[in-house]
Amino acid sequence: MRLMPHALLYRSWLAAWLFVPLLAGNALAQLQPPQQQQQPLTLASDPAVLAKAALGTERGTMVVGTLHDGQVAYGAAYNPEPPSQPRAIASGSAEQPMFEIGSVTKVFTGLLLAQAVQRGDLKLDDTVGRLLAGKVAGLSPAVASVTLRQLVTHTGCMPVMADGVTGGAPLVEQFHAYDKAMFWAALARIRLTAAAPPCEGAYSNFGMALLGQLLAEHYDTSWGELVRARITEPLGMNDTVITLGDKASRMAPAFAGDRRQPLFDMQAYAPASALRSTAADMLTFSRAILAGAAGPLGPAAARMLTPLARYEGAEIGYAVMVRGPEGGRRTYYHAGVTEGYRTLWLLAPDTGEAMIVLSSNARAPMQSVMLAIGKSRYPVPTAEVPIDAKRLDEYRGEYRVTRNKSLSFTVRSGRLLVRETGRGYSALTPTGNDRFAVTAIGAQVMFRRDAANAVVGVSLAQGGSQLDARRVGDAAVQPE
């Protein structure tokens with residue numbers, strides 16, 4: 001099995017709570033209900049219940065660790081269930097299975113940059129050209145002008161991967177094969193996605209790997225050694241490694257659906273996706289970040305969460321996705337997928353909560369869990385308000401979100417329907433004046449009018465993010 005392009009290239013613009021890309025992204029969110037749960041899932045839920053919901057019927061092992069009310073708890077789900085009842089997962093990491101954490105690795109690269117900036121060793125406005133002067137020849141002026149700030153926020157116009165690779169087997173092969181010499185040679189060939197940075201945020205594995213390699217060059221060491229010396233060893237995260245050594249037997253067997261998968265080893269792309277870890281280690285990491293400047297990581301922990309740029313209807317810090325309004329309830333997260341693993345890491349500083357979800361199946365259906373948590377932290381009105389069906393035609397039309405994404409609204413059987421590009425229609429529930437909801441996923445749709453009272457745009461709010469779209473045309477009338 002090889003990762004398909006749609007699972008590698010894109011992050012969700014609708015359900016921003018789904019998965020930050022693995023190697024390059026997650027499948028597009030759909031305007032469809034998640035799997036229904038008997039009890040609402042929140043960060044306070046039993047981690048064993050969260051694990052069972054997040055694994056669903058897929059094969060493999062799922063471990064969920066939570067920090068709630070100052071207490072760490074772990075839960076697990078297995079499919080198939082082991083013949084004898086497994087022991088409860090203890091906090092001692094030697095008792096815990098290990099997983100590839102995929103693009104959650106990027107958070108570690110972001111923290112390394114936050115530490116370097118905090119120490120005064122580097123500045124966010126330092127450029128690729130300045131940092132590689134005399135080391136890599138042939139950089140284009142545009143590439144040389146990309147800054148560290150742009151790399152860590154995916155706003156540097158960098159492609160997803162080098163050499164025009166966008167997904168499938170070539171992407172997997174590039175992750176495996178590129179050593180540092182090949183990586184630097186590829187940098188000299190890189191063509192930015194626009195004439196010059198900054199660009200609208202667009203997820204780039206190459207850009208994040210470049211950031212990690214720039215840090216390694218600056219300190220004359222390897223990226224892996226920086227992670228060990230500055231993060232994992234000081235925090236006692238002994239099971240967060242690139243090279244497994246004698247820990248290999250502790251890796252949870254990997255799957256994609258029903259098919260076994262190999263471990264995902266890489267070289268130059270290590271700063272983007274190479275780490276393996278446990279739930280215990282990731283909660284140790286979470287505690288250190290939540291402790292802020294007074295914690296073991298010092299001021300760099302707080303700096304890491306500082307928003308640096310707009311990204312997909314919300315914000316991004318030092319490689320950390322930020323959801324929620326400034327001064328309000330904020331959530332920080334990252335997620336990842338490899339050929340055989342899927343991971344989600346999340347912090348909620350307002351409640352002192354954290355969660356790590358580790359799956360040994362790349363197709364584990366974490367969507368229902370994440371949507372439920374998003375709804376619990378950022379609820380939207382869902383009570384239906386009567387509306388004159390004749391008014392619904394005012395909203396009919398196509399609304400452009402990005403160059404390649406749009407929302408289309410139409411009317412059928414007295415209901416307003418919406419679909420995103422390439423997806424099917426779903427019905428909306430009227431909740432107020434010019435307001436509707438997709439109740440199952442906790443999304444709110446708010447139409448905007450001009451001075452002449454004509455509908456000219458729409459905003460989509462979900463999970464602490466908001467995306468705006470402008471009306472660009474009329475939608476086709478749907479048959480009854």
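Residues numbered from 1 in each chain as written. Predicted model: local features only at pLDDT ≥ 70, side-chain atom pairs only at ≥ 80, totals over all residues. Heavy atoms only, no water.

Participant: In this structure, what is going on with the environment of E200? I would like to understand it.
Facilitator: The topology assignment puts E200 in the loop between α8 (180–189) and α9 (205–218). In sequence terms E200 and T402 are 202 residues apart; their C-alpha atoms lie 9.7 Å from each other. Once you skip the residues sitting within four places of it in the chain, E200 turns out to touch H154 and T402. (Helix = DSSP H or I, 4+ residues; strand = E, 2+ residues; numbered from the N terminus. Contact = heavy atoms within 4.5 Å.)

Participant: How should the sheet that holds strand β14 (residues 406–412) be read in this particular structure?
Facilitator: The pairing of strands in a sheet happens through backbone hydrogen bonds and is either parallel or antiparallel. Taken together, the nine strands give an open sheet; going across it, the order is β16-β15-β14-β13-β21-β20-β19-β18-β17, and neighbouring strands pair in antiparallel fashion. Among the strands making up the open sheet, the edge pair consists of β16 (426–427) and β17 (429–432). In terms of strand pairing, strand β13 (residues 397–400) meets strand β21 (residues 465–473) through three bridges, oriented antiparallel. When the bridges of β21 are listed, Y399 appears paired with R471. (Pairing = 2+ DSSP bridges.)

Participant: Any chance you could explain the nonpolar core here in plain terms?
Facilitator: As a rule of thumb, nonpolar side chains are buried together in soluble globular proteins. Membership of the largest hydrophobic core comes to 96 residues, with the highest contact counts inside it found for Y269, F285, M304 and W345. Counting residues per element, this core draws most heavily on helix α3 (residues 105–119), which supplies eight residues. Filtering out sequence-adjacent residues up to four positions away, W345 remains in contact with V104, V107, M282, F285, S286, M304, V320, Y332, Y333, H334, M355 and I356. Core analysis: the second largest hydrophobic core is formed by 28 residues, L55, Y311, Y333 and L344 among them. (Core = buried A, V, L, I, M, F, W, Y, C linked by side-chain atoms within 4.5 Å. Buried < 20%, exposed > 50% of the residue type's maximum accessible area, 1.4 Å probe, protein only.)

Participant: Just to check I follow, could you spell out the domain arrangement of the protein chain for this structure?
Facilitator: We note that the domain assignment places domain 1 (99–377) and domain 2 (389–473) within the protein chain. Just the C-alpha atoms count here: the centres of domain 1 and domain 2 sit 33 Å apart. Every contact between the two is made by ten residues of domain 1 and, on the other side, eleven residues of domain 2. Counting the contacts that link domain 1 with domain 2 gives zero salt bridges. There are three residue pairs in polar contact (both at pLDDT 80 or more) connecting domain 1 and domain 2. With three residues, helix α14 (residues 367–377) is the single largest residue contributor to the side of domain 1 that touches domain 2. When grouped by side-chain class, the residues that make up the side of domain 1 that touches domain 2 number two nonpolar, three polar and five charged. (Domains from an automatic or database assignment. Salt bridge = Lys/Arg side-chain N within 4 Å of Asp/Glu carboxyl O. Polar contact = N/O pair within 3.5 Å; in protein donor to acceptor, adjacent residues only side chain to side chain. Nonpolar A, V, L, I, M, F, W, Y, C, P; charged D, E, K, R; others polar.)

Participant: When you look at the packing of aromatic side chains in this model, what are you seeing that I'm missing?
Facilitator: Aromatic ring pairs: the centre-centre distance and the angle between the two ring planes describe each pair. Tallying each qualifying case throughout the model produces 16 aromatic pairs. When the ring of F183 is compared with that of F206, the centres are 4.5 Å apart and the planes differ by 20°; the resulting orientation is stacked. Of the two residues, F183 sits in helix α8 while F206 sits in helix α9, which places them 23 residues apart along the sequence. The burial state of F183 is the same as that of F206; both residues are buried. Aromatic pair F409 and F447: ring centres 4.9 Å apart, planes at 65°, arrangement edge-to-face. Taken together, the positions of F409 in strand β14 and F447 in strand β19 (residues 443–449) put the pair 38 residues apart, joining distant regions of the chain. Across the pair, exposure class does not vary: F409 and F447 are buried alike. (Phe/Tyr/Trp six-rings, centres within 6.5 Å; stacked < 30°, edge-to-face > 60°.)

Participant: Help me out: how do you make sense of the pairing of β13 in this one?
Facilitator: Side chains G397 and Y399 of β13 all project onto a buried face; the interleaved residues E398 and R400 project onto a face where none is buried. Between β13 and β14, which pair antiparallel one after the other, the connecting turn spans five residues.

Participant: What's the story with the state of the cysteines in this structure? I'm lost.
Facilitator: Linking two cysteines covalently through their sulfur atoms gives a disulfide. For the coordinates displayed, the defined rule picks out one disulfide. Here C157 pairs with C199 through a disulfide, and the sulfurs are 1.8 Å apart. Its S-S torsion of approximately 95° makes the covalent link between C157 and C199 right-handed. Taken together, the residues C157 in the loop between α6 (148–152) and α7 (168–177) and C199 in the loop between α8 and α9 connect sequence positions 42 residues apart. (Disulfide = S-S within 2.5 Å.)

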